[in-house]
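As a plain string of letters, each chain reads:
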Number of protein chains: 2
Amino acid sequence: MKSFVFALFAFSTVLFAQDPLPSWKEGNVKSQLLDFINAAQDTSSDGFIAVEDRIAVFDNDGTLWSEQPMYFQMFYAADRLKKMAESDASLKQEQPYKAVVEGDHEAIKSFGEKEILQVVLKSHAGMSTEQFEADVAEWMKTAKHPGKGMRFVDMTYTPMKELIDALHAAEFKCYIVSGGGLSFMRPWVEEAYNIPRHRVIGSRIEVEYEVKDGTPQLTRKAEIGFIDDKGGKPVGIYQVIGRRPAAAFGNSDGDFQMLEYTTAGKGARLGALVHHTDAEREWAYDRDSHVGHLVRGLDEAKERGWILIDMKKDWATVFGE
Amino acid sequence: MKSFVFALFAFSTVLFAQDPLPSWKEGNVKSQLLDFINAAQDTSSDGFIAVEDRIAVFDNDGTLWSEQPMYFQMFYAADRLKKMAESDASLKQEQPYKAVVEGDHEAIKSFGEKEILQVVLKSHAGMSTEQFEADVAEWMKTAKHPGKGMRFVDMTYTPMKELIDALHAAEFKCYIVSGGGLSFMRPWVEEAYNIPRHRVIGSRIEVEYEVKDGTPQLTRKAEIGFIDDKGGKPVGIYQVIGRRPAAAFGNSDGDFQMLEYTTAGKGARLGALVHHTDAEREWAYDRDSHVGHLVRGLDEAKERGWILIDMKKDWATVFGE
């Protein structure tokens with residue numbers, strides 16, 4: 001017995017010479033995450049996962065960065081619409097654009113999917129993908145959250161970034177699978193999360209290939225191409241990855257099907273939901289929230305064996321120092 | 001000068017201790033391919049390419065394997081329809097299915113895009129993606145080309161596989177970007193070309209997430225989702241890769257936009273078309289062919305600086321020994 005315990009100890013110290021998750025408080029959640037990662041690399045374990053199947057998928061809004069009081073992409077859309085309104089007065093009169101241009105956050109919070117799509121299509125189309133991504137990259141450098149006064153890119157979660165690093169160290173490929181826009185995420189996720197741009201799956205507006213003034217480009221059209229949410233998430237995973245992930249991380253019922261699909265696979269699987277319980281350091285919301293609506297996930301997590309990450313209890317820090 | 005020549009020589013011998021393209025005959029085409037690959041890794045060269053931009057895209061039908069007398073996927077569709085016709089007699093009466101079930105190759109060769117899509121949708125839908133891919137994998141093991149008597153997987157081009165290996169050795173990521181079906185290619189391309197399944201971009205029928213008899217699955221619907229051909233190829237590249245490739249390989253006008261988009265980028269670029277000139281070892285066709293139709297590519301290759309790979313002249317072997 002003694003030698004078995006010693007072997008176990010030696011094993012985990014070899015894999016992780018230092019604590020790979022210093023921003024996670026010691027406890028059941030942290031242990032389960034580390035056990036999953038350790039076992040995945042241990043050929044003698046039931047939890048071993050072949051390298052090609054070491055795929056982890058992460059929702060973005062509310063899972064890797066904040067999403068209150070509205071999706072951060074809406075702040076970008078608002079800033080673009082305001083700029084567009086300088087030369088297009090109709091945007092100051094017509095809803096739902098008027099509310100956005102005026103910064104009427106109460107009205108924006110009441111937007112349904114239809115209004116959100118209208119605002120996104122109006123503000124995100126009519127240019128090449130390269131122009132759009134350059135604009136997002138520029139905006140991201142300085143844009144700040146109105147309530148917190150922090151840059152949006154600094155409102156990414158340190159504990160989740162450590163988790164991505166730990167998964168990478170164990171030869172997992174980490175993908176973002178988000179309802180957010182593909183081209184809205186690609187310009188900054190590599191620096192923020194160490195996830196390369198070809199491992200981003202997101203909602204897409206239609207793009208069309210054309211040669212404009214002699215230059216081939218992909219032009220963004222004001223049409224929805226693909227909504228990467230709910231049942232769309234496993235579909236996006238099919239389109240881009242072509243394998244069932246071994247681990248899935250989300251925070252809302254928009255991630256339910258992704259976790260369900262992931263954890264229904266054979267062998268070692270991990271599903272986890274970030275539960276927003278920290279009104280002081282971040283926000284506390286779940287069942288009644290207009291963003292990050294979480295009901296079914298809370299009700300069924302236990303029976304499905306999914307981990308509930310309690311932000312307040314499990315995270316030593318949210319955004320780092 | 002002497003030391004410069006010596007340095008060059010030393011350089012290329014370090015990169016390629018052995019000829020990485022033994023199935024290519026010595027000549028201008030082989031030199032251009034090797035020069036591009038060598039320069040991409042040489043920080044002192046104008047042809048240097050940053051590792052993250054070392055992306056090469058390959059059409060499949062007619063570029064990595066044969067496509068005569070019809071796309072090989074149509075042989076699979078035919079075999080499936082024949083099996084389906086055993087329990088669904090209508091397929092023996094109704095066109096275009098009747099022609100396929102009866103193996104009427106002349107009729108099949110006259111199919112337009114509409115008939116091809118009808119046959120694909122009828123034969124490729126109504127099951128889970130996993131079932132479909134397992135069926136393709138099983139078929140691929142033994143299915144043979146009626147004219148050549150070779151297995152379809154053995155009708156992949158040895159020179160192109162060497163090129164993929166040489167690009168991999170130079171840290172390129174190689175993707176397939178094909179009008180063929182995504183799930184038709186994924187099961188076998190990894191073994192055939194050493195290209196992993198997440199680096200396949202193809203045409204897609206719609207898939208829908210559903211929980212069937214308690215099991216989450218992706219069900220294939222009889223609806224077109226995406227056609228990865230012509231202007232669709234740069235769009236598929238946008239959706240999955242998110243970077244402009246440095247090199248593109250095709251063989252027909254369906255690849256024109258992919259080569260145009262690729263070679264319009266800044267820095268070192270390479271575009272190449274496999275020209276089917278070898279009626280003896282493979283097939284000879286271009287302008288008048290119903291598959292692999294090549295007109296604009298032939299007319300404009302020279303002014304655009306694209307390489308024409310003359311199968312007869314440039315390849316020492318087509319399918320290997």
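Worth saying up front: this structure is predicted, and the values here are computed from it rather than measured.

Draft legend 1. Representation of the overall build of chain A in the model. Across its full length, chain A holds 13 helices and 7 strands. For a compact globule of 321 residues, the expected C-alpha radius of gyration is about 20 Å, and chain A comes in at 21 Å, within 12% of that figure. Reported as C-alpha extents along the three principal axes, the dimensions of chain A are approximately 75 × 45 × 35 Å.

Draft legend 2. Spotlight on the interface of chain A and chain B. The partner chain B presents 24 residues to the 24 residues of chain A that form the contact. The element contributing the most residues to the side of chain A that touches chain B is helix H10 (residues 232-240) of chain A, with 5 residues. The class makeup of the residues in the side of chain A that touches chain B is 12 nonpolar, 7 polar and 5 charged.

Draft legend 3. Spotlight on the sheet that holds strand E6 (residues 270-275) of chain A. Residue and element names in this part refer to chain A. Read from one edge to the other, the open sheet built from 7 strands follows the order E4-E3-E2-E1-E5-E6-E7, with strand pairing classed as mixed. Of all strands in the sheet, those with a lone pairing partner are strand E4 (215-226) and strand E7 (307-310), marking the two edges. Sheet twist, expressed as the average angle between the axes of neighbouring strands with direction ignored, equals 30 degrees. As paired elements, strand E2 (residues 173-181) and strand E3 (residues 200-212) share 3 bridges and run parallel to each other. Residue pairing for E3: Gly 181 is matched across the bridge by Ser 203.

Draft legend 4. Expanded view of the relation of the copies chain A and chain B. Expressed as a screw operation, the relation of chain A to chain B combines 0.0 Å of axial shift with a rotation of 180 degrees, fitting to an RMSD of 0.0 Å. Overall, the copies show the geometry of a two-fold rotation axis. Ranked by how close their C-alpha atoms come to the rotation axis, the residues of chain A are headed by Val 240 of chain A, at 2.9 Å. Residue by residue, 100% of the interface of chain A is reproduced at the interface of chain B, so both copies engage with the same surface.

Draft legend 5. Examining the domain arrangement of chain A more closely. All names here are of chain A. Splitting chain A by domain gives domain 1 (17-69 + 153-314) and domain 2 (72-142). Each of domain 1 and domain 2 was reduced to a C-alpha centroid, and the two centroids are 25 Å apart. On the domain 2 side, the residues contacting the 20 residues of domain 1 number 19 residues. Among the secondary structure elements, those contributing two or more residues to the side of domain 1 that touches domain 2 are E2, helix H9 (182-193), E3 and E4. The biggest single contributor to the side of domain 1 that touches domain 2 is E4, with 7 residues. Considering only residue class, the side of domain 1 that touches domain 2 consists of 10 nonpolar, 6 polar and 4 charged.

Draft legend 6. Expanded view of H9 of chain A. All names here are of chain A. Taking 1.5 Å as the rise per residue, H9 with 12 residues should run 16 Å; its terminal C-alpha atoms sit 15 Å apart, in good agreement. Regarding H9, the residues found buried are Leu 182, Ser 183, Phe 184, Met 185, Arg 186, Val 189 and Tyr 193. After H9 finishes, the residue Asn 194 shows a positive phi value of roughly 65 degrees.

Draft legend 7. Quick look at the pairing of strand E4 (residues 215-226) of chain B. All names here are of chain B. Taken together, the 8 bridges between strand E3 (residues 200-212) and E4 define a ladder with antiparallel strand orientation. In the strand pairing of E4, Val 207 is matched with Arg 220. In sequence, E3 turns back onto E4 through a hairpin of 2 residues, with Asp 213 there showing a positive phi of about 50 degrees.

Draft legend 8. Molecular detail of unusual backbone geometry. Residues and elements named next belong to chain A. Residue Pro 69 is bonded to the preceding Gln 68 through a cis peptide linkage, with omega at 0 degrees. Structurally, Pro 69 can be placed in the loop between strand E1 (55-58) and helix H3 (72-85). Backbone torsion omega between Gln 95 and Pro 96 reads 5 degrees, so that peptide bond is classified as cis. If you trace the backbone, Pro 96 turns up in the loop between H3 and helix H4 (97-101). In the Ramachandran plot, Asp 213 falls in the positive-phi region, its phi being about 50 degrees despite a non-glycine side chain. When you line up the elements, Asp 213 lands in the loop between E3 and E4. Although it is not a glycine, Lys 230 adopts a positive phi angle of roughly 50 degrees. Mapped onto the fold, Lys 230 is located in the loop between E4 and H10.

Draft legend 9. Here's a closer look at the environment of Lys 313 of chain A. Residues and elements named next belong to chain A. In this structure, Lys 313 sits in helix H13 (residues 311-314). Take Lys 313: there are 14 C-beta atoms within 10 Å of it, and that puts it in the partly exposed class. Considering only alpha carbons, one finds Lys 313 and Thr 277, 36 residues apart in sequence, at a separation of 8.3 Å.

Draft legend 10. Molecular detail of the packing of H3 of chain A against helix H6 (residues 113-124) of chain A. Residue and element names in this part refer to chain A. Running from N to C, H3 and H6 point in directions that differ by 55 degrees, and their axes come no closer than 9 Å. Classified by the interaxial angle, the pair formed by H3 and H6 is oblique. As H3 packs across H6, the resulting crossing turns out to be left-handed. Here Ala 77, Arg 80, Leu 81 and Met 84 of H3 come into contact with H6, specifically with Val 119, Val 120, Lys 122, Ser 123 and His 124.

Draft legend 11. Summary view of the packing of helix H7 (residues 129-142) of chain B against helix H9 (residues 182-193) of chain B. Residues and elements named next belong to chain B. Closest axis-to-axis distance for the H7/H9 pair is 8 Å, and the angle between their directions is 55 degrees. Here H7 is positioned oblique relative to H9, judged by the angle of their axes. Along this stretch, H7 crosses H9, giving a crossing that reads as right-handed. On H9, the residues that touch Thr 129, Phe 132, Glu 133, Val 136, Ala 137 and Met 140 of H7 are Ser 183, Phe 184, Arg 186, Pro 187 and Trp 188. Split by residue class, the contact of H7 with H9 holds 7 nonpolar, 2 polar and 2 charged.

Draft legend 12. Region of the structure containing the environment of Ser 183 of chain A. All names here are of chain A. Relative to the elements of secondary structure, Ser 183 occurs in helix H9. Residue classification places Ser 183 among the buried positions, given that 25 C-beta atoms sit within 10 Å. Ser 183 has contacts with Thr 129, Phe 132 and Glu 133, leaving out every residue within four places of it along the chain.

Draft legend 13. View of the confidence of the model for chain A. Averaged over all residues, the pLDDT of chain A is 94; the fraction at 70 or higher stands at 95%. Across the whole predicted complex the pTM is 0.94, and at the interface the ipTM reaches 0.93.

Draft legend 14. A look at the pairing of E7 of chain A. All names here are of chain A. Where E6 and E7 come together, 4 bridges link them in parallel fashion. Within the sheet, the bridge partner assigned to Val 274 lies in E7 and is Ile 309. Crossover E6 to E7 through helix H12 (residues 296-304) is right-handed.

Cut-offs applied
Residues numbered from 1 in each chain as written. Chains lettered and ligands numbered in written order. Predicted model: local features only at pLDDT ≥ 70, side-chain atom pairs only at ≥ 80, totals over all residues. Helix = DSSP H or I, 4+ residues; strand = E, 2+ residues; numbered from the N terminus. Rg over C-alpha atoms; globule rule 2.2 N^0.38 Å. Contact = placed C-beta atoms within 7 Å. Nonpolar A, V, L, I, M, F, W, Y, C, P; charged D, E, K, R; others polar. Pairing = 2+ DSSP bridges. Axes fitted to C-alpha atoms, helices over the stretch in contact; angles between N-to-C directions. Least-squares fit on C-alpha atoms with pLDDT ≥ 70 in both. Domains from an automatic or database assignment. Expected span 1.5 Å × (residues − 1). Buried ≥ 20, exposed ≤ 12 C-beta atoms within 10 Å, placed from the backbone. Parallel < 35°, antiparallel > 145°, perpendicular 65-115°, else oblique. Left-handed = near helix turned anticlockwise from the far one by under 90°. pLDDT = per-residue confidence, 0-100. Right-handed = clockwise from strand over helix to strand, strands pointing away.

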